[in-house]
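# An overview of the molecular structure
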Amino acid sequence: MMDEADAFMAEVEAIVARAPELSPLHAAVIAALDQGVASDSRTFAKVFGVAHALTLRAISDLSDGFGLIEETARDPRTQRARLALTEAGRRLVPHPAPIAA
């Protein structure tokens, strides 16, 4: 039986296989949003032990470069970015999460 960490890593690998132009960090941000692990940049950075600046750079790539996520809000003081998958991002995940009504 697959535990949560294994399931997360399997999703990251599946995303990279579907979109080889993405790095594992890019895929991890997408998987974290899909699985509800982290919905903002600071939480992602803390949970995964990644520098917030690197997380913000990946978010910029995913939103501006690839159109797979969108920034829904940003705290100007802390630079914490709240995030959501775009339709293109949801199509990239192996088993898309249900879309909230």
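Whatever comes next refers back to the structure up there.
## Brief notes about helix α3 (residues 41–48)
- For α3, the complete set of buried residues consists of Ser41, Phe44 and Ala45. The arc enclosing the buried residues of α3, seen along the axis, measures out at 95 degrees, which places them on a common side.
- As for α3, its buried residues are in contact with α2 (24–35), α4 (52–65) and β2 (81–85).
- Once α3 ends, the next one or two residues include Gly49, with phi positive near 65 degrees.

## Describing the packing of α3 against α4
- The N-to-C vectors of α3 and α4 enclose an angle of 125 degrees; their axes lie 9 Å apart at closest approach. With respect to each other, α3 and α4 are oriented oblique. Our pair here, α3 against α4, has a crossing hand that is right-handed. Residues Ser41, Arg42, Phe44 and Ala45 of α3 touch α4, and the partners they reach there are His52, Thr55, Leu56 and Ile59.
- Counted by class, the contact of α3 with α4 contains four nonpolar, three polar and one charged residues.

## Observations concerning helix α1 (residues 4–18)
- The end-to-end C-alpha separation of α1 is 21 Å, in line with the 21 Å expected for 15 residues at 1.5 Å each.
- Among the residues making up α1, those that are buried are Phe8, Glu11, Val12 and Ile15. Down the axis of α1, the smallest arc covering the buried residues is 100 degrees, so these residues share one side. Every exposed residue of α1 that faces more than 90 degrees away from the buried side is listed here: Glu13 and Ala17.
- Elements in contact with the buried residues of α1: α2, α3 and α5 (87–92).
- Two or three places before Ala5, at the opening of α1, Asp3 has a side-chain oxygen 3.2 Å from that residue's backbone nitrogen.

The rules behind the values
Residues numbered from 1 in each chain as written. Predicted model: local features only at pLDDT ≥ 70, side-chain atom pairs only at ≥ 80, totals over all residues. Heavy atoms only, no water. Buried < 20%, exposed > 50% of the residue type's maximum accessible area, 1.4 Å probe, protein only. Helix = DSSP H or I, 4+ residues; strand = E, 2+ residues; numbered from the N terminus. Arc of directions from axis to C-beta. Contact = heavy atoms within 4.5 Å. Axes fitted to C-alpha atoms, helices over the stretch in contact; angles between N-to-C directions. Parallel < 35°, antiparallel > 145°, perpendicular 65-115°, else oblique. Left-handed = near helix turned anticlockwise from the far one by under 90°. Nonpolar A, V, L, I, M, F, W, Y, C, P; charged D, E, K, R; others polar. Expected span 1.5 Å × (residues − 1). Polar contact = N/O pair within 3.5 Å; in protein donor to acceptor, adjacent residues only side chain to side chain.

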